[in-house]
Amino acid sequence: MLYDKARINVVAGGGGDGCMSFRREAHVPHGGPDGGDGGHGGDVALICDDSLRDLQSFKRSVHYKAKRAGHGEGALRHGADGPPMEVRVPPGTQVATWDGSTHDLVVPGQRVVVARGGSGGRGNKKFASSTIQAPRLRERGLPGEEGWIDLRLKLLADVGLVGLPNAGKSSLLARMTRAAPKVAAYPFTTLEPVLGTLEGAERQLVIADIPGLIEGASEGAGLGHDFLAHVERTRLLVHVLDLAPVDGSDPLENHATIEAELRAHDRRLAQLPRLLALSKADLVAAEDAERAAGAWRERLGDEVDVFVTSSATGLGLQELSLELARRVPLLGRAGSDADAIALDDVPAVDHRVFRPAAGRNFSVERADDGSFRVAGDGVQRLLLRHDLDNDEALAHVENRLRRMGVISALEAQGFEPGDDVEIAGVMFELHPG
Ligand SMILES: Nc1nc2c(ncn2[C@@H]2O[C@H](COP(=O)(O)OP(=O)(O)OP(=O)(O)O)[C@@H](O)[C@H]2O)c(=O)[nH]1
Ligand SMILES: [Mg+2]
């Protein structure tokens, strides 16, 4: 069973709280503020690891949580940063996060942060100024990001074998490589992709055998649709076509069916270079096989090389292997160059970052009971930072709300000092001074 999909929950560590502390020394009656800052919470990162083959490990464990950071302490000691939680995924893993960003992990060692740890709160030392020499104010650390992410493995193979069920794809793979896929005289023998490695002159070539495609595969019929995604990243397709189907079907129509499904699945898939392998040549007379090959060469033109093959006798397999080895290096390694990634059309979305400027966006709304509600990332973070039971913190929050324009927006809606205001689920009486 190839596990090619998983959904996991990631929770980054919270930032440490800033500390409120005053220096105590034997000879100094009123020491200055010396509370240190909280550390940064641990990130959750994915790391591309080529010792992994599929997403099986995520069936058992679904939750990944990074540690929170240390709190600040007196004597200006800052809290330690939370260590990152590193989650290993196989090459070819695509990630879609809850906020719509996507990442493609292709190169071993590649690292992507999927949930950022919360930033630490500042200690009271940072709030000291010429007018406030003994600030009784410090910030709390912010929570880390969290959410569900979808992992999707798309195998990184150089060559993909495509064709109708029973066409002889797995038999070809078994003859050309050391892979031992199941082969049987009925359709839908192969239920999941199988990879085999062909020793080329310069390097190894990975060949993917996928389940047989049928008409409607691109819309979900049969098994093939799910697996078409696995050949999206190949550089070359070998269309395997049965010379003499036992069901008496017409090879010409069979060929057209597969090509139509490739086109319907994805335009780029249809544009991949192709070879045609006419299979099971031992079942027809040699002249008939050659005549069929000639007709296909005429139909397909110079673009597509045609091979007459038999997995029973080995006919044509050497030539086919050599041609694959010859062509694939010219086309580049699967998934490892910029071109292959572009081919996958993964939008290069930078991870969302909190920018201070983003905090300017907020909305103010008046509820039926006369209270006010303020929403927005920036105001929400401000409230999470501070403990409103502390008068000095409350004054600081009010001051910040005024500078952000929240107070004037409230006043424009009829707010008067002392009215109830709800921000980020916290209801309090606001008395802007
Ligand atoms: N005589 C002969 N039989 C072959 C040859 N290649 C495959 N077969 C037979 O054709 C049948 C189907 O072969 P598979 O390799 O399983 O075909 P497949 O395309 O992988 O089929 P699915 O996995 O169902 O899509 C099996 O009974 C094979 O033994 C060949 O070259 N000569
Ligand atoms: Mg098969």
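Quick look at the structure, then. (Residues numbered from 1 in each chain as written. Chains lettered and ligands numbered in written order. Predicted model: local features only at pLDDT ≥ 70, side-chain atom pairs only at ≥ 80, totals over all residues. Heavy atoms only, no water.)

1. Considering the coordination of the magnesium ion (ligand 2)
Around the magnesium ion (ligand 2), the protein contributes the donor atoms Ser170 (OG) and Thr190 (OG1), which lie 1.9 to 2.0 Å from the metal centre. In this pair, Ser170 is assigned in helix α2 (residues 169-176) and Thr190 in the loop between α2 and β10 (194-199), connecting sequence segments 20 residues apart. Comparing Ser170 with Thr190, the two get one shared label, buried. (Donors = N, O, S within 2.8 Å, 3.2 Å for Na, K, Ca; no water. Helix = DSSP H or I, 4+ residues; strand = E, 2+ residues; numbered from the N terminus. Buried < 20%, exposed > 50% of the residue type's maximum accessible area, 1.4 Å probe, protein only.)

2. Overview of the nonpolar core
Judged by nonpolar contacts, the single largest core of 23 residues is most densely connected at Val10, Val44, Leu46, Phe58, Val114, Ile149 and Leu151. Excluding residues that lie within four positions of it along the chain, Ile149 makes contacts with Ala6, Arg7, Ile8, Val10, Leu46, Val95, Ala96, Thr97, Trp98 and Val114. If you look at the next biggest cluster of nonpolar residues, it comprises 20 residues, including Leu172, Leu173, Leu205 and Val240. (Core = buried A, V, L, I, M, F, W, Y, C linked by side-chain atoms within 4.5 Å. Contact = heavy atoms within 4.5 Å.)

3. Here we look at the site of ligand 1
Looking at ligand 1, there are 23 residues lining it, with Lys169, Ser171, Phe188, Thr190 and Ser311 nearest. Contacts to ligand 1 include Thr189, whose backbone N or O atom sits 2.8 Å from an oxygen atom. One of the side-chain N or O atoms of Lys280 is found 3.0 Å from an oxygen atom in ligand 1. Compared with its free state, where it exposes 650 Å², ligand 1 has 87% of that area covered by protein. Taken together, the residues of the shell around ligand 1 break down into eleven nonpolar, nine polar and three charged. (Near = heavy atom within 4 Å. Polar contact = N/O pair within 3.5 Å; in protein donor to acceptor, adjacent residues only side chain to side chain. Areas by Shrake-Rupley, 256 points an atom, 1.4 Å probe, with all protein chains shown as cover. Nonpolar A, V, L, I, M, F, W, Y, C, P; charged D, E, K, R; others polar.)

4. With respect to the sheet that holds strand β13 (residues 274-279)
The strand order across the open sheet formed by six strands is β10-β11-β9-β12-β13-β14, and the pairing between neighbours is mixed. In this open sheet, the two edge strands, each paired with only one partner strand, are β10 and β14 (305-308). Looking at each pair of strands side by side, their axes are set apart by 25 degrees on average, direction ignored. Alignment of strand β9 (residues 159-162) against strand β11 (residues 204-209), held across three bridges, turns out to be parallel. Bridging from a neighbouring strand, Leu161 pairs with Asp209 of β11. Its contacts with the sheet put helix α4 (residues 251-265) on β9, β12 (236-242) and β13, and the angle it makes with β12 is roughly 150 degrees. Sheet contacts for helix α6 (residues 286-300): β12, β13 and β14; angle to β14, the most-contacted strand, approximately 170 degrees. (Pairing = 2+ DSSP bridges. Axes fitted to C-alpha atoms, helices over the stretch in contact; angles between N-to-C directions.)

5. A word on the sheet that holds strand β2 (residues 44-48)
Read from one edge to the other, the open sheet built from three strands follows the order β4-β2-β7, with strand pairing classed as mixed. The outermost strands of the open sheet, each flanked by one partner alone, are β4 (85-89) and β7 (111-115). Pairs of neighbouring strands in the sheet enclose a mean axial angle of 30 degrees, with direction left out of account. The pairing of β2 with β4 spans five bridges and is parallel. Of the residues in β4, the one forming a bridge with Ile47 is Arg88.

6. Thoughts on helix α9 (residues 377-385)
When α9 is considered as a whole, its buried residues turn out to be Gly378, Val379, Arg381, Leu382, Leu383 and Arg385. Along its buried surface, α9 packs onto β16 (372-375), α10 (391-404), α11 (406-412), β17 (420-423) and β18 (426-429).

7. Topic: the pairing of strand β1 (residues 5-11)
Of all seven residues in β1, five are buried, a share of seventy percent or more. In this sheet, strand β8 (residues 146-153) lies alongside β1 in antiparallel orientation, the contact comprising seven bridges. By the bridge assignment for β8, Ala6 is matched with Leu151. With three bridges connecting them, β1 and strand β3 (residues 63-65) associate as parallel partners. From the neighbouring strand, Val11 faces β3, where its bridge partner is Lys65.

8. A few points about the packing of α9 against α10
For the pair α9 and α10, the least separation of the axes is 11 Å and the interaxial angle reads 170 degrees. Considering their axes alone, α9 and α10 lie roughly antiparallel with respect to each other. In this structure, α9 contributes Gly378, Val379, Leu382 and Leu383 to the contact, and α10 contributes Val397, Arg400, Leu401 and Met404. Residue composition of the contact of α9 with α10, grouped by class: six nonpolar, one polar and one charged. (Parallel < 35°, antiparallel > 145°, perpendicular 65-115°, else oblique.)

9. Topic: the packing of α4 against α6
Direction vectors running N to C along α4 and α6 enclose 40 degrees, while the axes themselves pass 13 Å from each other. Relative to α6, the element α4 lies oblique. The way α4 lies across α6 gives a crossing that is right-handed. Note on element contacts: α6 touches α4 through Trp296, Arg299 and Leu300, opposite Pro251, Leu252 and His255. Among the residues forming the contact of α4 with α6, the class breakdown is four nonpolar, one polar and one charged. (Left-handed = near helix turned anticlockwise from the far one by under 90°.)

Don't take any of this as a statement about function, it's just geometry.
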